[in-house]
Amino acid sequence: MAKAPVLTPQHADFPRWYQDLIGKAELADNGPVRGTMVMRPYGYALWERMQQELDARIKAAGARNAYFPLFIPESYLSREAEHVEGFAPELAVVTHGGGKRLEEPVVVRPTSETIVNEYFAKWINSYRDLPLLINQWANVVRWEMRPRVFLRTTEFLWQEGHTAHASYEEARDYAARIHREVYADLLRNVLAIDVVLGRKSPAERFAGAINTLTLEGMMRDGKALQLGTSHELGQNFAKAFDTRYLGADGMRQLVWQTSWGASTRMVGGLIMSHGDDHGLRVPPRLAPVQAVVLAVKSDDAVSAAVRESAARLRGAGVRVETDERTDVPFGRRAVDWELKGVPVRVEIGPRDLADGTATLVRRIPGGKQPVALAALPELLPALLEEDQAHLLRESRERREARTTEVATVEEAAEAAAAGGWARIPWARLGPEGEARLARDAVSVRVLVAADGSVPESDDAPGTVAVVGRAY
C-alpha cells in the first residue's frame with residue numbers, strides 16, 4: 001500500500017491542503033470563539049518578520065507609531081454615514097461593562113479612522129502641524145461569517161496608518177508613496193509575490209474613501225488575494241469631525257487625509273503563493289530561519305561540527321538554527337523542516353564529517369548536493385539570493401500564464417471559472433458588467449492602465465479591469 005502523503009495534494013483539494021499545512025507546519029490553530037485564531041510561535045515569527053520589514057519602510061516614509069483605544073464610542077462611527085454603513089454588518093458592540101448597561105454602547109475597533117479623527121481635530125491647529133503622519137500596530141475585530149485562518153478571521157493583527165495633509169495633492173501623493181514604497185516593495189522584494197498595483201473600482205472602494213489603491217496577488221490556485229490597501233479619504237472624515245487647520249493665509253481649512261493597512265492576511269498570502277505539496281517555501285529575505293544545521297546521528301564530533309558551522313554561518317549574516325535532536329528520527333526532522341519551508345538544510349553526519357563536507361538541501365528549487373564545510377559561509381548568502389529571485393520569478397510567470405485578455409463579460413467569467421484572471425477594458429465592462437460578474441462570484445480585483453501602471457482615475461483612457469475569483 002502506498003504511503004499516505006503528509007499533506008492533501010493541492011490539485012486534489014486546495015483548501016484542505018491549506019488547512020493541513022497550517023496545522024502540520026505549526027503555524028496556527030483555531031481559537032475558542034468561532035472565527036478567532038491562535039498564532040503558534042513559528043507562524044508568529046513569520047508575522048514578526050513582516051512587521052519588522054513593514055515598520056522600517058513606514059518610518060522611512062516619515063510616519064511615527066502611536067496607539068489608540070480598542071473601544072470606540074458607537075456615536076463616532078455614525079458621524080460618517082458611508083463608513084458606518086460599510087462596516088455595520090461586521091461590528092462587535094459592547095453594551096454591558098462592570099455588571100451594568102453602558103450609557104452608550106462601544107464598538108470594538110474594526111478600524112480607527114473615527115477615533116483618530118477625534119484626536120486629530122484636537123492636535124491640528126495650524127498649517128505648521130501638517131502633515132501629521134501616524135501609524136499604529138493593533139488588533140481589530142470584524143465579525144466574520146466565513147472564517148478561514150489568516151485569510152478571514154474575526155480578530156486579526158495589522159498596522160493602520162492615518163495621515164492629515166494641507167492639500168489634496170499632498171494626500172494623494174502620500175497614499176501613492178505608501179502603496180509603492182511600503183507595500184509593493186515589501187511584497188515583491190521580501191515576500192517575493194509579484195503583485196499587481198492599481199485602483200479599486202468604485203464598488204470595491206473602502207467605505208468613506210474617494211480612492212483606494214490596492215495590491216493583488218495571484219495564489220497557486222489562480223484566485224486573487226488583496227494584500228494591502230492605501231486609501232485617499234479626501235475630506236470626508238475631516239468634515240464629520242471638523243478636523244481643520246489655520247492656513248498661512250489666516251483662513252481655517254479642512255485637512256485632506258489618507259489611511260492604509262496590511263494585516264496577518266499576508267501570512268495566508270505567503271502560504272498560498274509559495275507553498276507546495278511538501279509544505280511551505282519561505283522567501284529567504286523573510287525567513288525567520290534561513291538555514292538549519294542538522295546532526296544526522298548522535299556523535300560528539302558531529303555535534304561540535306554542527307555548532308561550529310552554525311556559528312560561522314551567523315558570522316556571515318545568515319539567520320540559522322541547529323537541530324541536534326538525535327532522539328527523534330532524522331527523516332521525521334527533515335520532513336518537519338521541509339513543512340516549515342526553511343530555505344536551506346545543512347545535514348552533517350559522521351561520514352560527511354570524515355570527508356569535510358555537509359549535504360546541502362535547498363527547499364525552494366529542490367535538490368541536494370555535497371558541499372565543503374569550509375565553503376558554507378561564502379556559498380549560502382549567494383544561494384539564498386538565488387532562491388529569493390526564483391520565487392519572485394515563479395510568482396510572476398504563474399500570473400502571466402494564467403491571465404487572459406478578453407473582450408466580453410462572458411469571456412471574463414469563463415476565464416475566472418477556469419482558475420485564472422481576465423483583463424478586459426473597463427470602458428467595455430463598467431459597473432453594469434461588474435454587477436453581472438458578481439452574480440458568478442467574480443469581482444473586479446484592480447483597475448490598471450494599459451501599460452500595467454496605476455491609472456490616474458477610474459475612467460482614464462485605456463484603463464483595464466483585472467477580474468477573477470478571490471479569497
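Fair warning: this is a prediction, and the values are worked out from it, not measured in the lab.

A. How the structure looks around the overall build of the protein. In terms of regular secondary structure, the protein is built from 14 helices and 23 strands. Rg of the C-alpha trace for the protein: 25 Å, near the compact-globule value of 23 Å for 471 residues, within the 12% margin. Dimensions of the protein, computed from the C-alpha atoms along their principal axes, are close to 80 × 55 × 50 Å. When the 471 residues of the protein are sorted by exposure, 55% land in the buried category. Put simply, of all contacts in the protein between residues at least 6 apart along the chain, 69% involve residues at least 24 apart.

B. Structural context of the sheet that holds strand β15 (residues 291-295). Taken in spatial order, the five strands make up an open sheet running β16-β15-β17-β18-β19, and their pairing is mixed. Two strands bound the open sheet, and with one partner strand each, they are β16 (320-323) and β19 (368-372). Within the sheet, the average angular offset between the axes of one strand and its neighbour, ignoring direction, is 25°. Running at roughly 175° to β15, helix α10 (residues 330-340) makes contact with β15, β16 and β17 (344-348) of the sheet. Lying on the sheet, helix α12 (residues 376-401) is in contact with β15, β17, β18 (357-362) and β19; it crosses β18 at an angle near 10°.

C. Just the pattern of salt bridges, in detail. This structure, assessed with the given rule, holds 29 salt bridges. Notably, a salt bridge pairs Arg205 with Asp458, separated by 2.4 Å at the nearest N-O pair. In this pair, Arg205 is assigned in the loop between β9 (196-199) and β10 (211-218) and Asp458 in the loop between β22 (443-448) and β23 (464-468), connecting sequence segments 253 residues apart. The residue Glu405 makes a salt bridge to Arg423 at a minimum N-O spacing of 2.6 Å. Of the two residues, Glu405 is situated in strand β20 (residues 403-405) and Arg423 in strand β21 (residues 421-425); the sequence distance between them amounts to 18 residues. The exposure class assigned to Glu405 is exposed, which follows from its relative accessible area of 56%. Among the residues examined, Arg423 registers a relative accessible area of 17% and is labelled buried. The network of salt bridges with shared partners includes Arg49, Glu53, Arg57 and Asp185.

D. Expanded view of the pairing of strand β14 (residues 256-263). Of all the eight residues making up β14, seven are buried; the element is thus mostly covered by neighbouring parts of the structure. Across eight bridges, strand β8 (residues 155-165) lies against β14 in antiparallel orientation. Residue pairing for β14: His165 is matched across the bridge by Trp256. Note: strand β11 (residues 224-234) against β14, five bridges, orientation antiparallel. Counted as the bridge partner of Ser230 is Trp260 from β14.

E. View of the packing of helix α2 (residues 41-60) against helix α8 (residues 265-274). Where α2 contacts α8, the two axes come as close as 10 Å, and the packing angle between them is 110°. Between α2 and α8, the interaxial angle falls into the category roughly perpendicular. In terms of crossing hand, the pair formed by α2 and α8 is right-handed. Across the interface between the two elements, Leu46, Trp47, Met50 and Leu54 of α2 pack against Met266, Val267 and Leu270 of α8. Per-class residue counts for the contact of α2 with α8 are seven nonpolar, no polar and no charged.

F. Structural detail: the environment of Glu26. The topology assignment puts Glu26 in the loop between α1 (14-24) and β1 (28-30). Judged by its relative accessible area of 34%, Glu26 falls in the partly exposed class. Remark: the alpha-carbon pair of Glu26 and Val346, spanning 320 residues in sequence, is separated by 22 Å. Once residues lying within four places of it in the same chain are set aside, the contact partners of Glu26 are Leu21, Arg40, Tyr42, Gly43 and Lys340. Polar contacts involving the side chain of Glu26 include one to the side chain of Lys340, which spans 3.2 Å.

G. Structural view of the nonpolar core. The biggest cluster of nonpolar side chains holds 58 residues, and the ones touching the most others in it are Leu27, Phe150, Leu191, Met266, Ile271 and Met272. Ranked by residues supplied to this core, first place goes to helix α6 (residues 168-189) with seven residues. Each residue touching Leu191, except ones within four places of it in the same chain, is listed here: Met50, Leu186, Met266, Leu270, His274, Pro283 and Leu286.

H. Structural context of the packing of aromatic side chains. For the structure shown, the criterion picks out ten aromatic pairs. Between the aromatic rings of Tyr168 and Trp256, the centroid separation amounts to 5.6 Å while the plane-to-plane angle is 65°, which identifies the pairing as edge-to-face. Pair noted here: Tyr168 is in helix α6 and Trp256 is in strand β14, with a separation of 88 residues, a long-range link. Accessibility expressed as a relative area gives 30% for Tyr168, which makes it partly exposed. Residue classification places Trp256 among the partly exposed residues on the basis of a relative accessible area of 23%. Between Tyr174 and Trp260, the ring centres sit 6.3 Å apart and the planes meet at 55°, which makes this aromatic pair tilted. Separated by 86 residues along the polypeptide, Tyr174 in helix α6 and Trp260 in strand β14 bring together distant segments of the chain. These aromatic residues form a ring-pair network of at least three members: Phe68, Tyr119, Phe120 and Trp123.

I. View of the sheet that holds strand β4 (residues 71-73). The strand order across the open sheet formed by three strands is β4-β6-β5, and the pairing between neighbours is antiparallel. Both edges of this open sheet fall to β4 and β5 (93-97), since each of them pairs with a single strand only. Pairwise comparison of adjacent strand axes, ignoring direction, gives a mean angle of 50° for this sheet.

J. Representation of a nonpolar patch on the surface within the structure. A cluster of nonpolar side chains, contributed by Val33, Trp143 and Met145, occupies part of the molecular surface with about 310 Å² of accessible area. Relative to the elements of secondary structure, Val33 occurs in the loop between β1 and β2 (37-39).

K. Up close: the side chain of Thr357. By the element assignment, Thr357 lies in strand β18. Once residues within four sequence positions are removed from consideration, Thr357 is found in contact with Asp352, Val371, Ala372 and Leu373.

About the criteria used
Counting starts from 1 at the beginning of each chain's written sequence and moves along it residue by residue. Owing to the predicted nature of the model, reporting of local features is limited to residues with pLDDT of at least 70; listing and counting of side-chain atom pairs is limited to 80 or more, with chain, interface and lining totals taken over all residues. With hydrogens and water set aside, each side-chain value is computed from the structure's full complement of heavy atoms. A helix here means a DSSP run of H or I that spans at least four residues, while a strand means a run of E at least two residues long, and both kinds are numbered starting from the N terminus. Radius of gyration: C-alpha atoms only; globule rule: 2.2 Å multiplied by the number of residues to the exponent 0.38. To sort residues, take the accessible area from a 1.4 Å probe on protein chains only and compare it with the maximum for the residue type: under 20% means buried, over 50% means exposed, and anything in between is partly exposed. We call two residues in contact whenever any of their non-hydrogen atoms come within 4.5 Å of each other. Should DSSP find at least two bridges between two strands, the strands are regarded as paired. Think of each axis as a best-fit line through the C-alpha atoms, taken over the contacting stretch in the case of a helix, with angles from 0 to 180 degrees between the N-to-C directions. One speaks of a salt bridge when a side-chain nitrogen belonging to Lys or Arg is within 4 Å of a carboxyl oxygen belonging to Asp or Glu. For classification purposes, angles smaller than 35 degrees are called roughly parallel, those larger than 145 roughly antiparallel, those between 65 and 115 roughly perpendicular, and all remaining angles oblique. A crossing counts as left-handed when the near helix is turned anticlockwise from the far one by less than a right angle, and as right-handed when that turn is clockwise. Each residue gets one label: Ala, Val, Leu, Ile, Met, Phe, Trp, Tyr, Cys and Pro are nonpolar, Asp, Glu, Lys and Arg are charged, and the others, such as Gly, are polar. Whenever a nitrogen or oxygen atom comes within 3.5 Å of another N or O atom, the pair is scored as a polar contact, on the condition that within protein one atom can donate a hydrogen and the other can accept it, and that pairs from neighbouring residues in sequence are kept only if both atoms are in side chains. Definition used in this section: a nonpolar core is a set of buried Ala, Val, Leu, Ile, Met, Phe, Trp, Tyr and Cys residues joined via side-chain atoms within 4.5 Å. Note on aromatic contacts: the rings of Phe and Tyr and the six-membered ring of Trp form a pair at centre separations within 6.5 Å, being stacked when their planes are under 30 degrees apart, edge-to-face when over 60 apart, and tilted otherwise. Patches in this entry comprise residues that are over 30% relatively accessible and not in a salt bridge; like charges within 9 Å are linked, as are nonpolar side chains (Val, Leu, Ile, Met, Phe, Trp, Tyr) within 5 Å. With residues, only the protein chains shown are counted as cover, and all accessible areas are computed by Shrake-Rupley using a 1.4 Å probe.

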